[in-house]
Amino acid sequence: MGRKRSGDAAALSGQDGETKSSSSKRKKEQPSTSKSTRKSKSKATPTITDLNNQIKSNVAQHLQAGKTTAAYDGHIRRGKAFLEDLVRTRRAEQTMQMPNPDELLEKEAANDAGEEVIDIDILAQAFEKPPNRYSALALEMFLSEKCINQSLGESTAEGIFAAFKKMWELMDNETYRGLYSYCPETNRVRGNPAESAAVKDLYQSIRNRCRSLSGKRTHHAEAITIEEVRAIMTWSELKCPSTVEYATITDPTELFTYLVHMEMRAFIPSGYVLWTRNGELCALQGKHIQLDCPGESPYYIPHHEVMLEHRKGWQSRDGNIAHTRGHTYRIYEQSKTPEICMKTHLSRWLNFRAQVLRRPLLPDEFVFPHISTTGMIHPSQPLNHDVVQKLIDSFARDAGLTRTFSTHSFRRGGAQYRFMFAPFAQRWSLTRIRWWGGWADGEQADTLIRYLVDDLTYTENDHSNALCPIPTQNDLIFNGDDSRAAPITAQEYREFKDAIDRRFDEFISKFFALLHGTASIPMLHGHQALHYVPEVRPTAEEVLQNPLMSSMPSGIRSAEVYAPSMIIEPPHSKGSARKKGASGKGTRDIPPIPEASIPDLPKNKTAWREAIRQWEEPNPVTGCPALKDWPKDWYSGSMRLITGAKRGQRQLIANEYNRFSRDDRVFLEAYPVATAGIKHLISAITKARQARQEAAVRRSKYGTPEERG
């Protein structure tokens, strides 16, 4: 009995063990089952709708830049509004005018001649989905209204054409991408209406018309050569030498002239060396530049480091940190080509700027700021495109150049110089050019060809130099490089000797003419000698006290010398800037407090808010105190004509805003013209104060316009 019970107990214990082991196995299996379930849920296959939405979102976000998309949306919105107004006007005319027999006869004649009578109801849907037979016609009418009737420019035509072309390309899963055609039998449109022959002909005619009216080139900006840059820099150096000290300038007009010349002499080489667009260079700030950085061992050559944070295509690119920060360039001194030595000219400009402002460049200040005609530097306001273009035109014209350049000419000229025209050992490969110019790896090949090779075709087919004693055979060897690499010939040596003799004879004649006071033209560099004629003749002592400049013959391109520091500085005439301030009569002193600068207000609807901010808050860029906290001598006395009016305007707006308890809604109800501009707001506030008898009414001695009438 005992053994049986013990056996039964063992059997029961064995069953319990099996039960426990099986239950533990089930428990172990349960977690794995739940994990696999969670994994299957997390990796659930997306639906077709989700995938389509992801595709559309990705295309909309990354197909083109956000600013471009916004601009296209604006053109399409205005086009639809134009078409809506056109249809509404036509329907109103049809409602008001009953058809007469003559109109009916005209419609019948049009039908007989095969001319189509426009259906207004179908025309109203021309810009909707899907496009219809009037879509191309509606785009023609919109282009005609904007660019012919309203006389808008070529850029407007390009924007409208590109916007509607892209709209129809992306419509209905690319159904309307490709060449345009319309089938009258099926009343269906195939392809893109923007690609119709009529639209493309009108678009091209508008571009040609705009270019002929503005005198622009029919293709792209001309590339400026290094010789032309040298001519501009030489003329500017003669006009305003770099050796001038700020303390010696006593007239605001003279100070303004020197500031503009020093700034442009830094701006031009910077654009030519960095190949920047105008906006990229104007946006350069102190935080983007590090001066006099030590070079790498073992030479430790000093250089400047410039980071182009606003380089087009890089500042908004998603990806690694190199893309978002832009390129960083190490700028070394270029002693063999000092006319394009960015390091030298940028340092001179920043030093002169620091003398005027009495402090160095701050991180958030612009390297190339706006300069007012009173000689005031506005560090928080950059140069704009129009001002730069006017200065380029003026400098090129006064330097004796006949070609017209744009702000893009320096980018193209700098790229071509490094690719084709620099000395052999200094030319760059396409890989380096692509990196230096900020072109992406996927940049289309025709972009680089347009920048680098287009002008080469003209050079190789140009035979205007055929009569030269030492001609260059550009049509046989790339860029005529064979003549530059070949050993010197006897003919070349004779021509070089003759050139030296001519220049020496020229120097002797001019020297004796200046010595005896019978000539008024100083000895200058190359052909620039004829571009400056001083009115006062120098004495022999003045001539002997100045070093004379010599140069190689201008026919040898690589041997031309640019030495502005060695140019004879002629005595200043009665009409020069320096002579105007010498007498001290009838002139104003230069700004005694250069840090008392008031930035211009923006030209938008919120300019009045900026005026109040300037009155109440310090300048976050320069650290200048708020206008209400300025010392009295900053806006009175000699500073009254410089900052007094601006400060008074800000104070007037701020006081009126406080009068309405600083309530924007109430203030705008009282002065709705505030969104129209500062001048309108100042006029309205002045009239309101006069009505409240808080300000005197100024009357002309000739009476009001009504009284004079």
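Described in the following lines is the structure provided in the data block. Remember, it's a predicted structure, so these values are computed and weren't measured experimentally.

For the rest of this paragraph, the subject is the nonpolar core. Counting residues in hydrophobic clusters, the biggest one holds 64 residues, and the most contacted among them are L346, W349, F352 and F368. For this core, the element with the most residues is helix α10 (residues 252–274), which contributes 12 residues.

To continue, consider the pairing of strand β5 (residues 327–331). The two faces of β5 differ: H327, Y329 and I331 on one face are buried, but T328 and R330 on the other face are not. Bridging between strand β4 (residues 303–308) and β5 involves five bridges; their strand directions are antiparallel. Counterpart to V306 in the pairing with β5 is Y329.

By the bridge criterion, three bridges tie strand β3 (residues 289–293) to β4 in an arrangement that is antiparallel. Residue pairing across strands places Q290 opposite E305, the latter belonging to β4.

Okay, the sheet that holds β4 next. The antiparallel open sheet is built from three strands, whose spatial order is β3-β4-β5. Either end of the sheet is taken by a strand with one partner, and the two such strands are β3 and β5. Going from strand to strand, the sheet's axes swing by 20 degrees on average, the running direction of each strand aside. Sitting on the sheet, helix α13 (residues 342–357) is in contact with β3, β4 and β5, with an inclination near 85 degrees to β4.

At a minimum axis separation of 8 Å, α10 and α13 run at an interaxial angle of 150 degrees. Between α10 and α13, the crossing angle belongs to the class labelled roughly antiparallel. Viewed along their axes, α10 and α13 form a crossing whose handedness is left-handed. Note on element contacts: α13 touches α10 through M342, H345, L346, R348, W349, F352 and V356, opposite L255, Y258, L259, M262, E263, R265, A266, P269, S270, V273 and L274. Taken together, the residues of the contact of α10 with α13 sort by class into 13 nonpolar, two polar and three charged.

Turning next to the pattern of salt bridges. If you walk through the whole model with that rule in mind, you get 33 salt bridges. Taking the shortest distance from any N to any O, the salt bridge between E169 and K166 comes out at 3.5 Å. Separated by three residues within a single helix, E169 and K166 lie in helix α7 (residues 154–169), roughly one turn from each other. Here E694 and R692 are joined by a salt bridge, their closest N and O atoms 3.0 Å apart. On the basis of relative accessible area, E694 is assigned to the partly exposed category, the value being 43%. Here the residues in one salt-bridge network are E656, R659, R689, R692 and E694, joined through shared partners.

A complete count under the given rule lists 23 aromatic pairs for this structure. Centroid distance W275 to W428: 5.7 Å. Interplanar angle 45 degrees. Geometry classified as tilted. One end of the pair, W275, is in the loop between α10 and α11 (278–282); the other, W428, is in the loop between α15 (409–421) and α16 (430–436), with 153 residues separating them in the sequence. Judged by relative accessible area, W428 falls into the buried class, the value being 17%. Judged by centre distance (5.2 Å) and plane angle (70 degrees), the rings of W630 and W634 are edge-to-face. For W630, a relative accessible area of 5% translates into the label buried. By relative accessible area, which is 13% here, W634 ends up buried. Linked through ring pairs, F82, F127, F142, F164 and W168 together constitute an aromatic cluster. One Lys or Arg, R647, reaches over the ring of Y635 and ends 3.7 Å from the middle of that ring.

This part takes up helix α26 (residues 678–691). Helix length check: α26, at 14 residues, gives a terminal C-alpha distance of 20 Å against a target of 20 Å (1.5 Å per residue), a fit within 8%. Taken together, the buried residues of α26 touch α23 (607–616), α24 (640–659) and α25 (664–670). One or two steps after α26, the chain reaches Q693, where phi turns positive at roughly 60 degrees.

Procedures and definitions
- Residues numbered from 1 in each chain as written.
- Predicted model: local features only at pLDDT ≥ 70, side-chain atom pairs only at ≥ 80, totals over all residues.
- Heavy atoms only, no water.
- Core = buried A, V, L, I, M, F, W, Y, C linked by side-chain atoms within 4.5 Å.
- Buried < 20%, exposed > 50% of the residue type's maximum accessible area, 1.4 Å probe, protein only.
- Helix = DSSP H or I, 4+ residues; strand = E, 2+ residues; numbered from the N terminus.
- Pairing = 2+ DSSP bridges.
- Axes fitted to C-alpha atoms, helices over the stretch in contact; angles between N-to-C directions.
- Contact = heavy atoms within 4.5 Å.
- Parallel < 35°, antiparallel > 145°, perpendicular 65-115°, else oblique.
- Left-handed = near helix turned anticlockwise from the far one by under 90°.
- Nonpolar A, V, L, I, M, F, W, Y, C, P; charged D, E, K, R; others polar.
- Salt bridge = Lys/Arg side-chain N within 4 Å of Asp/Glu carboxyl O.
- Phe/Tyr/Trp six-rings, centres within 6.5 Å; stacked < 30°, edge-to-face > 60°.
- Lys NZ or Arg CZ within 6 Å of the ring centre and 35° of its normal.
- Expected span 1.5 Å × (residues − 1).

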